[in-house]
Amino acid sequence: MTRPGTTPRPAAAPPAHRTRSWRRRRAGRRLGGLAADLLIAAVALGPILWGLSTSLKPASEILAYPPELVPSRPTLEHYALLFTTGIHRFVLNSAVVSVVAVLLSLAIGSLAAYALARLRFRGKTALLFGVVALMSIPLPSVLVPTFTLLTSVGLADSLTGLALLYTAYQLPIVVWLLYGYFGSLPIELEQAARIDGCSRIETLRKVVLPLSGPGLVAAGLFVLTFAWNDFVVAVVMVSSESVKTLPVAIYGYLGFYGRDWGPLTASAMLSILPVIAVFLLFQRYFLSGMTGGSIKG
Amino acid sequence: MSGERAIETKERQGLRRPPKARRSPEAATAWGFVLPLVVAELAFVAAPLALGAWYSLFRVDYFELTQFRGLGNYWTVLTSTMVQQSLVATLLFSAFSLLFTVGLGMALALRLEADTRTNTWMRAIVLVPYVISMLVGSLLLRWIYSRDAGLSGLLLGPFGLADFSLLADPATAMAALVSNAVWRDSAFAMIVLLAGLKAIPGQLYAAARVDGAGPWMRFTRITLPLLRVPILIAVVRLLIHFVNVLTFALVLTGGGPNNATQTTGLAMYRLGFVDFRIGEANALALLVFVFNLIMIGANLVLFRRGRSLSP
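Residues numbered from 1 in each chain as written. Chains lettered and ligands numbered in written order. Predicted model: local features only at pLDDT ≥ 70, side-chain atom pairs only at ≥ 80, totals over all residues. Heavy atoms only, no water.

### Focus: the pairing of strand β1 (residues 58-61) of chain B
Residue and element names in this part refer to chain B. Where we set the bar: Each residue's exposure class comes from its accessible area (1.4 Å probe, protein chains only) as a fraction of the maximum for that residue type: buried when under 20%, exposed when over 50%, partly exposed otherwise. Comment: elements are numbered from the N terminus, with helices defined as DSSP H or I runs of at least four residues and strands as E runs of at least two. Strand pairing is defined by DSSP finding a minimum of two bridges between the two strands.
By the alternation rule, side chains of β1 split into Phe 58 and Val 60, which are all buried, and Arg 59 and Asp 61, of which none is buried. Pairing of β1 with strand β2 (residues 64-68) involves four bridges; the strand directions are antiparallel. For Val 60, the partnering residue across the bridge sits in β2 and is Leu 65.

As structure tokens, then:
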């Protein structure tokens, strides 16, 4: 087990106390460490893998006792059922709302973040604190009034309303991440562009944004996963079949399919497989984003 | 590295000391740039809150304000048994979830601190429950905890409890709800604490070792005191999350049995979107929001201090 602050031991001839029993103890500790890692992974991934396994079993074997951990006769029947009942529409709705929210929040967010990072103006400190405060407002606490408001302006129950809400909810984290990122870019490049006659907006578009790939990716991923995963906001705002997002549809299946766990776990897998793929590809951006929101790591 | 640090310091001063106010083209441009952000937040966060506060003072029938009630809705809400029960449920849920989430997060952070290849993978694995949708996570746990899955029978059968249903008994249903929170949110605690651990200079441990301090001594005398701010940040942010969360209870237990797991978030949802008692729902939402404001204030204070932790 490694302890905080342990510096790597210099490679030297083993000292006298590294006897056989020392080596055995070390091997034992490694084995213990491996067992602990396996246990952690089993707890973290177990429910997902068990859901995957269930979704691939024929209906007759899902409730078999004792349960099979790995389906012996895997089938895609539950996935096929979902597609014949039109799940692709909900997937499409989720994808459209997520992409629109990502584009909107990156556009608005990078403008604001650039101003906060590079321009001097009155009220900047207050704005920065506002951004941090907004990052910690929990969604459920504003749901009821938001629904009240959206209904009165006719934006409830529409994909437009959802995309706008997701944008507003994720903008603070986007601004915060980009603010940190823009601030860390060398300012000389921007000064050079200014001297060459670029306006502020041209400097942002032609110099800052092209250099900010990783920052934009981190911020975009946050919006994307939030909008794709969100259930609470969507279930409240949306009621028509045609504008349901995937999580709302899955919640609906819970009532419709009852204890029919085949289609239920299959729909769960459809929702999380894209997320896991994106996460594994870009996980270091997620990490930098998460710590950026709390402490710099 | 040192260049980065210089910028860091400059930013930090920027946070504390506002630049001198002046009317300049730069300020005008700046306000133009932040305007869309301000408008979005005013329209979709501030305006709803203001409207909610207004609605909370009325009797509302299907979104029609019918009768001014003053603080009547607040009184109705605070004296209703459902809300009182939900406060107890929320308190229990948040306390246990916080305890186990931060504890497990700390254990994971200590274990996975060194940047080895295995640890990098393990961190990613631990984070998976956190990045997938809460709805889907709760759904998968509900499947595991249901008697249909056969897993509980397999695990508890040898103890003569094959017929036991976790979600049918108030105490174990609450335990299931807490486990849902711990399963998902320990990763968040781990990441925050990990960032804090990385900021502790290694020499401190080396010096303590030379002075003969054992692992426990080093943990309690160096790690814990220096992690105070990150721990508080994790606690405050998780507390905000737990007090408000409704997905876990809605999907995993549905608030049952006997409302034992009906948290305040779920009560608010029921009041507003199942019973359509919009006036009372807004009153409860605002009460919860006031608690959140206090926590957000704490978060801001800690956040300022947390920034000075950056390496």
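### A few points about unusual backbone geometry
Positive phi outside glycine occurs at Asp 157 of chain A, with the angle close to 60°. Residue placement: Asp 157 of chain A occurs in the loop between α6 (140-153) and α7 (159-183). For Asn 258 of chain B, which is not a glycine, the phi torsion comes out positive at approximately 55°. With respect to the secondary-structure elements, Asn 258 of chain B resides in the loop between α12 (247-253) and α13 (264-274).

### Side note on the nonpolar core
Selection criterion: As used in this record, nonpolar core signifies buried Ala, Val, Leu, Ile, Met, Phe, Trp, Tyr and Cys residues forming a set joined through side-chain atoms within 4.5 Å. Note on contacts: a residue pair is in contact if any heavy atoms of the two residues lie within 4.5 Å.
Counting 187 residues, the largest nonpolar core has Phe 121, Tyr 166, Phe 182, Val 233 and Met 237 of chain A together with Phe 93 of chain B as its most contacted members. Examining the composition of this core, we find that 16 residues originate from one element, helix α8 (residues 170-198) of chain B, more than from any other. With residues near it in sequence (within four places) discarded, Tyr 166 of chain A still touches Val 97, Ala 101, Phe 226, Ala 227, Asp 230, Val 233 and Ala 234 of chain A. By size, the runner-up hydrophobic cluster in this structure holds six residues, among which are Leu 149 of chain A together with Leu 51, Phe 58 and Ile 278 of chain B.

### So, the interface of chain A and chain B
Threshold: In short, buried area is how much 1.4 Å probe accessible area vanishes from two parts on joining, totalled over both. Here, a salt bridge means any side-chain nitrogen of Lys or Arg that lies within 4 Å of a carboxyl oxygen of Asp or Glu. Pairs of N or O atoms within 3.5 Å make up the polar contacts considered here, provided that, within protein, one atom can donate a hydrogen while the other can accept it, and that residues adjacent in sequence are counted only when both atoms are side-chain atoms. We call Asp, Glu, Lys and Arg charged. Ala, Val, Leu, Ile, Met, Phe, Trp, Tyr, Cys and Pro are nonpolar, and the rest, Gly among them, are polar.
Opposite the 102 residues of chain A that make contact, chain B presents 108 residues. Summing both partners gives a buried area of about 9,800 Å² for chain A against chain B, and 76% of it is carried by carbon and sulfur. Asp 37 of chain A is the salt-bridge partner of Arg 111 of chain B, the closest N and O atoms lying 3.2 Å from each other. Where chain A touches chain B, the interface holds ten residue pairs in polar contact (both at pLDDT 80 or more). When residues of the side of chain A that touches chain B are assigned to their parent elements, the largest contribution, 15 residues, is made by helix α13 (residues 261-292) of chain A. Along the lines of polarity and charge, the residues of the side of chain A that touches chain B split into 72 nonpolar, 23 polar and seven charged.

### Quick notes on the pattern of salt bridges
The tally for this structure, following the rule as stated, stands at nine salt bridges over all chains. The salt bridge partner of Arg 73 of chain A is Glu 61 of chain A, with a shortest N-O separation of 2.5 Å. With a gap of twelve residues between them, Arg 73 of chain A in the loop between α2 (59-62) and α3 (77-84) and Glu 61 of chain A in helix α2 connect regions that are remote in the sequence. On the basis of relative accessible area, Glu 61 of chain A is assigned to the buried category, the value being 16%. Here Arg 123 of chain B ties to Asp 115 of chain B by a salt bridge, and the two come within 3.0 Å at their closest N and O atoms. Classification of Asp 115 of chain B as exposed rests on a relative accessible area of 58%.

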